[in-house]
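Residue-level structure breakdown
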Amino acid sequence: MTTNEAIFERAQKTIPGGVNSPVRAFKSVGGTPKFIKKALGGYMWDIEGKKYVDYIGSWGPAIAGHANPEVLEAVHKAVANGLSFGAPTEAEVLLAERICELLPSIEQVRLVSSGTEATMSAIRLARGFTGRNKILKFEGCYHGHSDSLLVKSGSGLLTFGNPSSAGVPEEFVSHTIVIEYNNIEAVRECFSKYGSDIACVIVEPVAGNMNLVKPTKEFLQTLRDVCDEYESVLIFDEVMTGFRVGLDCAQGHFGIKPDMTTLAKVIGGGMPIGAFGGRRNIMSKIAPLGPVYQAGTLSGNPVAVAAGLKTLEIISRPGFYDGLKSYNEKFTRGLSDIATKKGVKFCTDFIGGMFGLYFLESVPKSFPDVQKSDTDAFNIFFHKLLENGVHIAPSAYEAGFISASHDEDSLKITLTAAEAAFEAVAAHKGS
């Protein structure tokens, strides 16, 4: 039987770090990553045949559960007609119409192949629309790996304790301003100083790449107000939160209308896809209508579009998000209760189908708060859960995800594993 250790050793000979996305390498938690052979519902199995309750969910897309039979049927039908055409399809139009219907802030939308491509294109479009160069982002927020955005980012960069990336020339990020998330005064001060030069503000309306960090309503409203005052473009990066926190996304949940939105993950149901959209007068500047160029060979891939359309149909059904919320409440409350019983400093938070687990006294509001996390405790907790059949993100700086397939059985397995995990943390702290 092939082991995780053997395949990881083999992988490192031909793949940098043995993985194709950094956080998968387990570098921040130590140990060997689990190489997954299959996934079904709320579970996945590694190549050694061990079964895990899965709270990664392909980092968000698997909201309807892995290998959802309806999504698979839609994909199989699409595959039978061909994998890619390099030409428009009716299904692309249907997906665009559905996105615009669900999100009133989006009057037109362009499909791309990834979240990184979506955010990169949205920023280029905002610059082309405004004729300005500067962009404002927030410490700990991750918007993909394009050069100008790798400044105090989240995701794998925080995992490795490196807030920026080598290989990015200083001049590429010279127009990128970074301030603290949820810091209203810093926003106002920034716009007072640079407002007439700021093309756009890009923000995760719920941060998910420095663990789960919710915004205050006042913070998002301030962004809306200053963008209106200075005629800057407000971009909500809903690659992660889009249709994950609710059918109307984070923008609907908080009642703030952005000028542009980026999407990915859920809108592809597990297949590679992304999208950016917004006001018609902004989107009219994109080629072939306008001077801002963007193109993609696999944009609107028919197989990805089929998976996305079916996923959006499933999540639109009555009660879908009620089920996610109910499970998330039981899950996070159960963990908190066990931690309290074991005397471990720990707290939780959630919104829709996302959750955050923190080895902190209180729920964080910004990246500096998150940095106070007890990562040693998290690492012990992570490995003990894994040992007992529960797979959460291998980093203290990542949000987690619930699917509609998680049920009472998976909850029981999780909380039983958590008993052992918190006990191990408590024993370590007491040693």
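All of these numbers come straight from a predicted model, not from anything done at the bench.

Attention now moves to the sheet that holds strand 14 (residues 400-401). Sheet strands line up and pair through hydrogen bonds in the backbone, either parallel or antiparallel. Spatially, 11-12-14 is the arrangement adopted by the three strands of the open sheet, whose pairing is antiparallel. The open sheet terminates on both sides in strands that have one partner only, identified here as strand 11 (347-351) and strand 14. Where strand 12 (residues 354-358) lies against strand 14, two bridges are found, and the strand directions are antiparallel. Looking at strand 14, one finds that phenylalanine 355 is bridged to glycine 400. Helix-sheet contacts for helix 12 (residues 320-342) involve strand 11 and strand 12, and the interaxial angle to strand 11 is about 175°.

For the pair helix 2 (residues 69-80) and helix 11 (residues 302-315), the least separation of the axes is 8 Å and the interaxial angle reads 150°. In terms of orientation, helix 2 and helix 11 fall into the roughly antiparallel class. Judged by the twist between their axes, the crossing of helix 2 over helix 11 is right-handed. Facing helix 2, whose interface residues are Glu70, Val71, Ala74, Val75, Ala78 and Val79, helix 11 presents Pro302, Val303, Ala306, Ala307, Lys310, Thr311, Glu313 and Ile314. Considered class by class, the residues forming the contact of helix 2 with helix 11 number ten nonpolar, one polar and three charged.

This paragraph deals with the pairing of strand 7 (residues 198-203). Most of strand 7 sits inside the fold, with six of its six residues counted as buried. Where strand 5 (residues 134-138) and strand 7 come together, three bridges link them in parallel fashion. The residue of strand 7 that forms the bridge with isoleucine 135 is cysteine 200. Alignment of strand 7 against strand 8 (residues 233-237), held across four bridges, turns out to be parallel.

The next thing to look at is the nonpolar core. Soluble globular proteins tend to pack their nonpolar side chains together in the buried interior. Within the largest apolar cluster, 63 residues are counted, with the highest numbers of intra-cluster contacts made by Tyr55, Phe243, Phe331, Phe359, Phe381, Ile392 and Phe422. Counting residues per element, this core draws most heavily on helix 12, which supplies eight residues. Composition of this core by domain shows at least three residues from each of domain 1 (4-67 + 318-430) and domain 2 (69-316). Beyond its immediate chain neighbours, meaning those up to four positions away, phenylalanine 359 contacts Val344, Lys345, Phe346, Ser373, Asp374, Ala377, Phe378, Phe381, Phe422 and Val425. Counting 46 residues, the second largest nonpolar core, distinct from the first, contains Phe191, Val203, Ala207 and Phe367.

Right, let's talk about helix 3 (residues 90-102) for a bit. Taking 1.5 Å per residue, 13 residues should reach 18 Å; helix 3 reaches 19 Å between its end C-alpha atoms and fits that length. Looking at helix 3, one finds that the buried residues are Leu95, Ala96, Ile99 and Leu102. Along the long axis of helix 3, the arc covered by the buried residues comes to 135°, so they all point the same way. Exposed side of helix 3, more than 90 degrees from the buried face: Glu90 and Glu101 are the residues found there. The inward-facing, buried residues of helix 3 contact strand 4 (108-112), strand 9 (260-264) and helix 11.

Our focus in this paragraph is the pattern of salt bridges. The final tally for this structure, using the stated rule, is 16 salt bridges. One salt bridge connects glutamate 419 with lysine 341, and the closest N-O pair in it is separated by 2.8 Å. Of the two residues, glutamate 419 is situated in helix 15 (residues 408-430) and lysine 341 in helix 12; the sequence distance between them amounts to 78 residues. Take lysine 341: its relative accessible area is 56%, and that puts it in the exposed class. Here glutamate 423 makes a salt bridge to lysine 342, at a shortest N to O gap of 3.0 Å.

Okay, the packing of aromatic side chains next. This model, assessed by the stated rule, comprises 19 aromatic pairs. Look at phenylalanine 191 and tyrosine 230: their rings are 5.4 Å apart centre to centre, the planes differ by 45°, and that puts the pair in the tilted class. Of the two residues, phenylalanine 191 is situated in helix 7 (residues 184-194) and tyrosine 230 in helix 8 (residues 217-230); the sequence distance between them amounts to 39 residues. By relative accessible area, which is 1% here, phenylalanine 191 ends up buried.

In this section: the confidence of the model for the chain. Put simply, the chain has an average pLDDT of 94, and 96% of its residues get 70 or more. Note that residues 154-163 has pLDDT below 50 and, in this model, 28 contacts with residues that lie over four places away or in other chains.

Let's shift gears to unusual backbone geometry. Geometrically, the link from alanine 287 to proline 288 is a cis peptide bond, its omega value of 10° lying close to zero. Positive phi outside glycine occurs at cysteine 249, with the angle close to 60°. Checked against the element boundaries, cysteine 249 lands in helix 9 (residues 249-254). For cysteine 249, a relative accessible area of 0% translates into the label buried. The backbone phi angle of lysine 265 is positive, close to 45°, even though this residue is not glycine. Position of lysine 265 relative to the elements: it lies in the loop between strand 9 and strand 10 (274-278).

Once that is clear, we can look at the domain arrangement of the chain. A common measure of how large an interface is: the accessible area buried when the components associate. With domains assigned, the chain is organised as domain 1 (4-67 + 318-430) and domain 2 (69-316). At the junction of the two partners, domain 1 supplies 37 residues and domain 2 supplies 37 residues. Both sides together, the interface formed by domain 1 and domain 2 hides about 3100 Å², and carbon and sulfur atoms give 64% of it. Among the residues domain 1 hides against domain 2, the three largest losses belong to Tyr321, Ile351 and Phe367. Together they make up 21% of the total.

Analysis parameters
- Residues numbered from 1 in each chain as written.
- Predicted model: local features only at pLDDT ≥ 70, side-chain atom pairs only at ≥ 80, totals over all residues.
- Heavy atoms only, no water.
- Pairing = 2+ DSSP bridges.
- Helix = DSSP H or I, 4+ residues; strand = E, 2+ residues; numbered from the N terminus.
- Contact = heavy atoms within 4.5 Å.
- Axes fitted to C-alpha atoms, helices over the stretch in contact; angles between N-to-C directions.
- Parallel < 35°, antiparallel > 145°, perpendicular 65-115°, else oblique.
- Left-handed = near helix turned anticlockwise from the far one by under 90°.
- Nonpolar A, V, L, I, M, F, W, Y, C, P; charged D, E, K, R; others polar.
- Buried < 20%, exposed > 50% of the residue type's maximum accessible area, 1.4 Å probe, protein only.
- Core = buried A, V, L, I, M, F, W, Y, C linked by side-chain atoms within 4.5 Å.
- Domains from an automatic or database assignment.
- Expected span 1.5 Å × (residues − 1).
- Arc of directions from axis to C-beta.
- Salt bridge = Lys/Arg side-chain N within 4 Å of Asp/Glu carboxyl O.
- Phe/Tyr/Trp six-rings, centres within 6.5 Å; stacked < 30°, edge-to-face > 60°.
- pLDDT = per-residue confidence, 0-100.
- Buried area = accessible area lost by both parts, 1.4 Å probe.

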